[in-house]
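If you want the building blocks of each chain, they are given just below.
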Amino acid sequence: MRVRISPVRKLRGVISVPGDKSISHRAALLGAIAEGTTEIEGFAPGRDPRTTLEVLERLGVEVEREGKVVRIHGLGLRGLKPPDGPLWAGNSGTLMKLISGILAGQNFTSVLEGDESLSRRPMRVVEPLRLMGAEVSALDDLYPPLKIRGHFPLNPIRYALPVPSATVKSAILLAGLYAEGRTSVEEPAPSRDHTERMLEAFGAEVERRWIRQGRSEDLGEELDRRLRRAEGGGPRVQVSVEGTGKLEASKVVVPGDISSAAFLLVAGAIVPKSHIRIKDVGLNPTRRAVVDVLRRMGAEVRTEEGRMICGEPIVDLVVRGSELKGTRIAGSVIPNLIDEIPVLAVAAACADGETVIRDAEELRAKETDRIRAVVENLRRMGVKVGELRDGMVIGGGGNLRGATVESFGDHRIAMAFAVAGLVAEGETVIEGAEWADISFPGFFRTLEDLSRR
Ligand code: S3P
């Protein structure tokens, strides 16, 4: 699908964004292996989380869908049924990695397949799940399809991730539920922690500690403060889970997805005279860095109506058109805004002065190589940009030219460049715009509505 975007004078309105994709995947997966019925309110409508529900049904889980409410009838830790063929993970790396951790503890064999994009992405769960005792095979020991022959009980391990990754961490923690004893994962910097929060809500025993020079200390309330000054190597983080217990079903209210809100935050900041309120967005400390960086760039972003729901902080985000300046985005803040970098790069192109993004090589292992894709599209729009192995240097100054750009089959690239089109001179054509449905069905309509008020 091709979408044409014309420049707009302002964006105004009060809107909601789809439910958080990360939290929706986790709620469905934990619900499936819990005892009892988990009710999920505000389940993300995108294609990826729907794929998770379909995979669970193939594993014998009863799923009820009623508008935005999804009910998962849990089968307990070991109650999943052997599927009658390969399981289709579609475009979702999160699903493929997280569910591997669960399948590693079942007493049957499963095969996980994905689309062309997912088949090119490294599944770094193979090594830790093998260490835990599951038989896992993958192309070149890394790429889908994954074949997992589960084992019970698994061995508890202590595993150090070379790069922060919430998906790999989560797969190990989920497999840890099937291990005899305590499984620990260490990360060089804290990645999103929804799995840890939700495991606790479902009754699992989880512990989080900072590791400093071999000593460890309680994470406590320090997380937020430390994440805010995260650039530069902070202490490592260790998360542990106790195995062979059971999970209790829970009620989950899914907040709006900050990663979807990010497109509207940047749009509101770069289109002069804009004023947008985005309601009920999750502002988990491990996800909020996009707000901090936009503020540092000079954007007026306010948080209002703050409250806690199901262990996750929720706010309304209010953004106004602002003059932006370039910045540096690097170091241990990267995992906390990894999905927002394409749209932050668009903000950078509109800012005064240069922006440098480093330490973000993981972007090359996403739905597409997002460094390549952003650099290519920005160049087509006339922006000066240099490609680095682990990031990019973006010359600011605005003056974007309308052009034909590609989504490269990646939802976040499609949406980031639709946002760029709002301030470019002339028309911007997004090829492959339908990919936005992966996480934000109705995205283009939302932009249109905001520009009409
Ligand atoms: C996610 C973690 C991130 C992120 C992805 C969702 C999650 O991936 O890019 O969109 O839900 O845990 P990695 O942990 O693989 O970097």
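Residues numbered from 1 in each chain as written. Predicted model: local features only at pLDDT ≥ 70, side-chain atom pairs only at ≥ 80, totals over all residues. Heavy atoms only, no water.

Some words on the domain arrangement of the chain
- Domain boundaries in the chain define domain 1 (2–19 + 255–452) and domain 2 (21–240).
- When each unit is reduced to the centre of its C-alpha atoms, the spacing between domain 1 and domain 2 is 27 Å.
- Listed as interface residues are 34 residues of domain 1 and, on the opposing side, 34 residues of domain 2.
- Both faces considered, domain 1 and domain 2 share a buried interface measuring about 2,800 Å² in area, 49% of it formed by carbon and sulfur atoms.
- Joining domain 1 to domain 2, the criterion identifies 3 salt bridges. (Domains from an automatic or database assignment. Contact = heavy atoms within 4.5 Å. Buried area = accessible area lost by both parts, 1.4 Å probe. Salt bridge = Lys/Arg side-chain N within 4 Å of Asp/Glu carboxyl O.)

Let's talk about helix α2 (residues 47–58)
- The end-to-end C-alpha distance of α2 is 17 Å, a good match for the 16 Å that 12 residues give at a rise of 1.5 Å each.
- The set of residues buried in α2 consists of Asp48, Pro49, Thr51, Thr52, Leu53, Val55 and Leu56.
- The elements touched by buried residues of α2 are α1 (21–33), β4 (62–66), β5 (69–75), β6 (87–88) and α3 (93–103). (Helix = DSSP H or I, 4+ residues; strand = E, 2+ residues; numbered from the N terminus. Expected span 1.5 Å × (residues − 1). Buried < 20%, exposed > 50% of the residue type's maximum accessible area, 1.4 Å probe, protein only.)

Details of the site of the ligand
- Around the ligand sit Ser22, Arg26, Thr94, Lys97, Ser165, Ala166, Thr167, Arg192, Ile338, Asp339 and Lys366, and that is every residue in its neighbourhood.
- Lysine 97 places a side-chain nitrogen or oxygen 3.2 Å from an oxygen atom of the ligand.
- Alanine 166 has a polar backbone atom sitting 2.8 Å from an oxygen atom of the ligand.
- Alone, the ligand offers 380 Å² of accessible surface; in the complex the protein occludes 93% of this.
- Looking at the shell around the ligand, the elements that each hand over two or more residues are α1, α3 and α6 (166–176).
- Here the shell around the ligand is built from residues that sort into 2 nonpolar, 4 polar and 5 charged.
- Viewed by domain, the shell around the ligand spans two of them, domain 1 (2–19 + 255–452) and domain 2 (21–240), each represented by three or more residues. (Near = heavy atom within 4 Å. Polar contact = N/O pair within 3.5 Å; in protein donor to acceptor, adjacent residues only side chain to side chain. Areas by Shrake-Rupley, 256 points an atom, 1.4 Å probe, with all protein chains shown as cover. Nonpolar A, V, L, I, M, F, W, Y, C, P; charged D, E, K, R; others polar.)

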